[in-house]
Amino acid sequence: MAEPDVLDEAELFRILPETARQRVRDAAAKRALRRGELLFREGDEPNSLYVVRRGRIAMETRSPDGRESVIAIMEAGDLFGELPLFDGQGRSADARCLESSEVLEIAYDVVREELTADPTLLWGVVAILASRLRSVNAALADAVFLDVTGRTAKRLLEVAGDEDEFQLPITQETLAGLAGASRERVNKAIASFIKLGWISQRGRRYTITNREQLTRRAR
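Treat the numbers as computed from the prediction; the structure is a model and nothing was measured.

Calculation rules
- Going along each chain's sequence as written, the residues are numbered from 1 onward.
- With the structure being a predicted model, the display of local features is reserved for residues of pLDDT at least 70 and the display and counting of side-chain atom pairs for 80 or more, all residues being used for whole-chain, interface and lining totals.
- Remark: hydrogens and water are excluded; side-chain values derive from all non-hydrogen atoms of the structure.
- Runs of E in the DSSP output that reach at least two residues are strands. Runs of H or I that reach at least four are helices, and both are numbered from the N terminus.
- Contacts are residue-level and defined by heavy atoms, with any inter-residue pair within 4.5 Å sufficient.
- Think of a polar contact as two N or O atoms within 3.5 Å of one another; within protein, one of them needs to be a possible hydrogen donor and the other a possible acceptor, and neighboring residues in sequence only count if both atoms come from side chains.
- Nonpolar cores were defined as sets of buried Ala, Val, Leu, Ile, Met, Phe, Trp, Tyr and Cys residues, with membership established by side-chain atoms within 4.5 Å.
- Each residue gets one of three labels from its accessible area relative to the maximum for its type: buried under 20%, exposed over 50%, partly exposed in between, using a 1.4 Å probe on protein chains only.

K.L.:
I would appreciate a short explanation of the environment of Gln-201 in the present structure.
P.N.:
Assignment of secondary structure puts Gln-201 in strand 10 (residues 199-202). Considering only alpha carbons, one finds Gln-201 and Ile-71, 130 residues apart in sequence, at a separation of 25 Å. Apart from the residues within four sequence positions on either side, Gln-201 is in contact with Gln-172, Ile-190, Ile-194 and Tyr-206. A polar contact is formed between the side chain of Gln-201 and the backbone oxygen of Gly-203, at a distance of 2.9 Å. Within the local environment of Gln-201, its side chain forms a polar contact with the side chain of Tyr-206, the two groups lying 3.2 Å apart.

K.L.:
Where do I start with the nonpolar core in this structure?
P.N.:
For soluble globular proteins, nonpolar side chains are generally found buried alongside one another. Counting residues in hydrophobic clusters, the biggest one holds 24 residues, and the most contacted among them are Leu-156, Leu-175, Ile-190, Phe-193, Ile-199, Ile-208 and Leu-214. Mapped onto this core, the elements with two or more residues apiece are strand 5 (68-74), helix 7 (148-160), helix 8 (172-179), helix 9 (183-196) and strand 11 (205-208). Excluding its chain neighbours within four sequence positions, the residues that come into contact with Leu-214 are Ala-153, Leu-157, Phe-193, Trp-198, Ile-199 and Ile-208. In terms of nonpolar packing, the next biggest core, distinct from the first, is built from 21 residues, Ala-10, Leu-104, Leu-115 and Ile-128 among them.

K.L.:
Help me out: how do you make sense of the side chain of Glu-114 in this one?
P.N.:
By secondary structure assignment, the location of Glu-114 is in helix 5 (residues 108-117). Those residues within four positions of Glu-114 in sequence are excluded, and the remaining contacts are Leu-16, Ala-20, Arg-23, Val-24 and Leu-121.

Below, the structure written as structure tokens:
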């Protein structure tokens, strides 16, 4: 049986009453994954969604010439792979493990049964999808209005959250994918922040020394 707090953190399951959430919890299967393992590929025929119990999963897409872009990093409590539940289409991205991870695998039929049993829950689903759409719109705006340096500043601030000292939980290649740029250009942007005195670095640990300027650069 999965720990209650894992499903409680997942946005789709927070809208379910506890009795329904428990039925989903009982039907969930644990799945251990190795670093670098692909859980599914873009275009695969889907039948399940997933919640991260531990570790990190990168959602990635590829251009026709093979270039990789990281859409999002999924961490403990995050839900992914749910879109085909609603539109019946194939996977929209690759899901690759960034480190040793464990996920809960939940069949679409299990979730669909709970949602159709109480159609008023679908308003909660609509709110979730609207939030996702807003995130997509924000990402498109970043791609149009921010250069690589600005996108790198924004990603670093997102990783740091409210803390001035933080450790990069992903590789620089993955950070570059999130910024939609090459590793070389992202490294150049980070080096410029260090030179300007906005951040300092020791290994994978960073300290934001001028949050105001870094935030301005991210706009």
